[in-house]
Amino acid sequence: MVERRKPIPVNEAVEKVMNYRLKGQTEKISINESDYRRLAEPIIAKHNIPSFDKSPYDGFALRSVDTAEASRDNPVEFEVIEHIGAGQVPQKELKNGQATRIMTGAQIPAGADCVAMFEICNAYEKNNQSFFSIKRRMSKDQNIIGEGTEVLKGEVLIEEGTLINPGVKALLATFGYHEIEVAKKPVIGVIATGTELLEVDEELQPGKIRNSNAPMIASQISRAGGICRYYGKLADEFESSYLAVKDALDEVDILITTGGVSVGDFDLMPDIYEKLGAEVLFNKIAMRPGSVTTAAVKGNQLLFGLSGNPSACYVGFELFVRPVIQHALFNNKPYLKRINAILADEFPKPNPFTRFVRSYITYESASVKIHLAGIDKSNVVSSLAQSTCFMVLPGGTRGFNPGDEVEALLLEDMEGQKDFS
Ligand SMILES: Nc1nc2c(c(=O)[nH]1)N[C@H]1C(S)=C(S)[C@@H](COP(=O)(O)OP(=O)(O)OC[C@H]3O[C@@H](n4cnc5c(N)ncnc54)[C@H](O)[C@@H]3O)O[C@H]1N2
Ligand code: MOO
Ligand SMILES: [Mg+2]
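All figures in this text were calculated on a predicted structure; none of them were measured in a lab.

### Observations regarding the domain arrangement of the protein chain
Structurally, the protein chain comprises domain 1 (10-25 + 185-328), domain 2 (28-46 + 152-183), domain 3 (59-134) and domain 4 (337-410). Inter-centroid distance (C-alpha atoms) of domain 1 to domain 2 is 33 Å.

### Description of the site of ligand 1
Residues in close proximity to ligand 1 total 27 residues, the closest being Asn213, Gly259, Ser262, Ser307 and Gly308. Those elements giving two or more residues to the shell around ligand 1 turn out to be helix H3 (213-224) and helix H6 (310-328). Residue composition of the shell around ligand 1, grouped by class: ten nonpolar, 15 polar and two charged.

### Side note on the site of ligand 2
Around ligand 2 sit Arg288, Pro289, Gly290, Ser291, Val292, Ser307, Asn309, Ala312 and Ser378, and those are all the residues in its vicinity. A class-by-class count of the residues in the shell around ligand 2 yields three nonpolar, five polar and one charged.

### Brief notes about the sheet that holds strand S15 (residues 254-258)
Within the open sheet, the six strands sit side by side as S14-S11-S15-S19-S18-S16. Their pairing is mixed. Each edge of the open sheet carries a strand with a single partner, namely strand S14 (227-234) and strand S16 (279-282). Neighbour to neighbour, the strand axes of the sheet diverge by 20° on average, direction disregarded. Across five bridges, S15 lies against strand S19 (residues 301-306) in parallel orientation. What sits directly across from Leu255, in S19, is Leu303. Set on the sheet, helix H1 (residues 10-19) makes contact with S16, strand S18 (294-298) and S19; between it and S16 the angle comes to about 145°.

### Description of the nonpolar core
By size, the foremost hydrophobic cluster in this structure holds 73 residues, and its most contacted members are Ile254, Ile256, Ala295 and Phe304. With eleven residues, the top contributor of residues to this core is H6. With 18 residues, the next largest nonpolar core counts Phe78, Ala106, Cys114 and Ala116 among its residues.

### Here's the deal with the sheet that holds strand S6 (residues 114-117)
The strand order S6-S3-S5-S4-S8-S7 describes an open sheet built from six strands, whose pairing is mixed. Each of the sheet's edge strands pairs with one partner strand only, and the pair in question is S6 and strand S7 (121-126). When the angles between neighbouring strand axes are averaged without regard to direction, this sheet yields 40°. Relative to strand S5 (residues 98-102), strand S3 (residues 59-62) runs antiparallel, the two being bridged by four bridges.

### Side note on the packing of H1 against H6
As a packed pair, H1 and H6 sit with axes 10 Å apart at the nearest point and diverge in direction by 30°. Here H6 runs roughly parallel to H1, going by the angle between their axes. The chirality of how H1 crosses H6 is right-handed. Contacts between H1 and H6 involve Val10, Ala13, Val14, Val17 and Met18 from the former and Leu319, Phe320, Pro323 and Val324 from the latter. A per-class count over the contact of H1 with H6 returns nine nonpolar, no polar and no charged.

### With respect to the confidence of the model for the protein chain
Note that predicted coordinates carrying low pLDDT should not be read in detail. This prediction gives the protein chain a mean pLDDT of 96; 100% of its residues lie at or above 70. Reported confidence for the predicted complex is 0.98 by ipTM and 0.93 by pTM.

### So, the packing of H3 against H6
Running from N to C, H3 and H6 point in directions that differ by 30°, and their axes come no closer than 10 Å. One finds that H3 runs roughly parallel with respect to H6. H6 is crossed by H3, and the crossing has right-handed handedness. In this structure, H3 contributes Asn213, Met216, Ile217, Gln220 and Ala224 to the contact, and H6 contributes Pro310, Cys313, Tyr314, Phe317, Glu318, Arg322, Ile325 and Gln326. Here the residues of the contact of H3 with H6 are counted per class, giving eight nonpolar, three polar and two charged.

### Remarks on the UniProt feature "domain: MoaB/Mog" (unreviewed entry) in the protein chain
The UniProt record annotates "domain: MoaB/Mog" (unreviewed entry) at residues 189-327. End C-alpha to end C-alpha, residues 189-327 measures 17 Å, and it is 36% helix and 28% strand.

### Examining the environment of Leu198
Locating Leu198 in the fold gives a position in strand S12 (residues 197-198). Residues Leu198 and Asn211, 13 residues apart in the sequence, show an inter-C-alpha distance of 5.7 Å. Contact partners of Leu198, with chain neighbours within four places excluded, come to Leu204, Gln205, Lys208, Ile209, Arg210 and Asn211.

### Comments concerning unusual backbone geometry
In this structure, Pro50 follows Ile49 across a cis peptide bond, with omega equal to -15°. Mapped onto the fold, Pro50 is located in the loop between strand S2 (43-44) and S3. For the peptide bond that leads from Arg288 to Pro289, omega is -10°, which places it in the cis range. Within the secondary structure, Pro289 is located in the loop between strand S17 (287-288) and S18.

Thresholds applied
Residues numbered from 1 in each chain as written. Chains lettered and ligands numbered in written order. Predicted model: local features only at pLDDT ≥ 70, side-chain atom pairs only at ≥ 80, totals over all residues. Domains from an automatic or database assignment. Near = placed C-beta within 6 Å. Helix = DSSP H or I, 4+ residues; strand = E, 2+ residues; numbered from the N terminus. Nonpolar A, V, L, I, M, F, W, Y, C, P; charged D, E, K, R; others polar. Pairing = 2+ DSSP bridges. Axes fitted to C-alpha atoms, helices over the stretch in contact; angles between N-to-C directions. Contact = placed C-beta atoms within 7 Å. Core = buried A, V, L, I, M, F, W, Y, C linked by C-beta atoms within 7 Å. Buried ≥ 20, exposed ≤ 12 C-beta atoms within 10 Å, placed from the backbone. Parallel < 35°, antiparallel > 145°, perpendicular 65-115°, else oblique. Left-handed = near helix turned anticlockwise from the far one by under 90°. pLDDT = per-residue confidence, 0-100. UniProt positions renumbered as here; feature names shortened; annotations may be inferred.

Here it is in structure tokens:
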């Protein structure tokens, strides 16, 4: 009699793996290699921004009080006593009727409390000395970027776990973080099992298929922020498979196998877990596809037995492996983003179990539409290429119709517009 497995709800399965999640490690890297890495330390302002009062314009720094009598009919004259560009430090303090010719980004001289743009000043020379006149009153602090008005020293600007994007990198550079502590990428081993498997560069043979899961998982690992170490494909033969899994465990943080987790005569993973002495956390989940997804723990290592069926394998990775990797990368929001969307297609199948339908999103005026990516079967590979999200249909629901509101879990969103307008 074949083993009867008891399915557990998806959220329970997620909770079980997250209880054994990997503790994140850190490493120091150069800012130049930090794109798409996650911070393992917060960014704290090491000084004020700006760190000195500066001019936002090319113009003249002056004392606003000296413009008190200025009007259209009464231009007020200033003597220009210094000329500074950005990076130069003013040496002279302004006295009554004096001004400094100043460029954008340069430090405001002592005595000045405002900057008049060139456009409102009439500059001229008299006896080889520069002057200008102004017909408007200026106010204190007008056109001055005050020290610390953007950021104050000691402020926590970015939390640890944040993905380093171009803006974060600019902040790191601003504060002189040329080396930064980032989350170390966990190493995830991948083994494909199945006597039927050929590698990508092999000719198709009768009864065989190419191993598409391993390259797919490698790519999912890298999208999730981990490092993939591929150990090749194994024929469904117990002893050699057991040894390959055992050896791989010496070198990785997490081990993923695909295939061989169900109840077939050549599904060897359950016996391999037993011989390894690994504790199986679950081997049946109330979901489609990926119901056979298995997780086990040996010491502090997680082993994921993903389904051999490509769509089931893909879904199993995103729901259970991805959050473990994201947690190890210090992301305090490690789960897929969940949004609501309007179903654009018909989905007539009933859903005895929670279903994760491979789908994609479009944005039409202010509404989010969700479309089926292709054939909704566990064994298909062809719909995965179009998938940018999973439509989540709760267990116990009937079919769904266009216009119904459904939930979606986003996998990626990198598609732009065809036209700029
Ligand atoms: N009697 C039962 N049979 C099955 C059950 C069940 O509950 N009772 N569950 C079905 C479900 S659901 C799934 S999903 C599959 C899971 O099978 P396994 O995870 O054990 O995987 P395999 O049997 O090794 O292979 C399944 C399928 O996938 C193809 N495959 C395997 N590896 C790869 C790869 N690397 N790249 C591409 N395709 C791969 C393999 O050739 C098979 O066609 O079990 C059902 N059966
Ligand atoms: O695990 Mo299977 O993928 O439910 O279809
Ligand atoms: Mg099988």
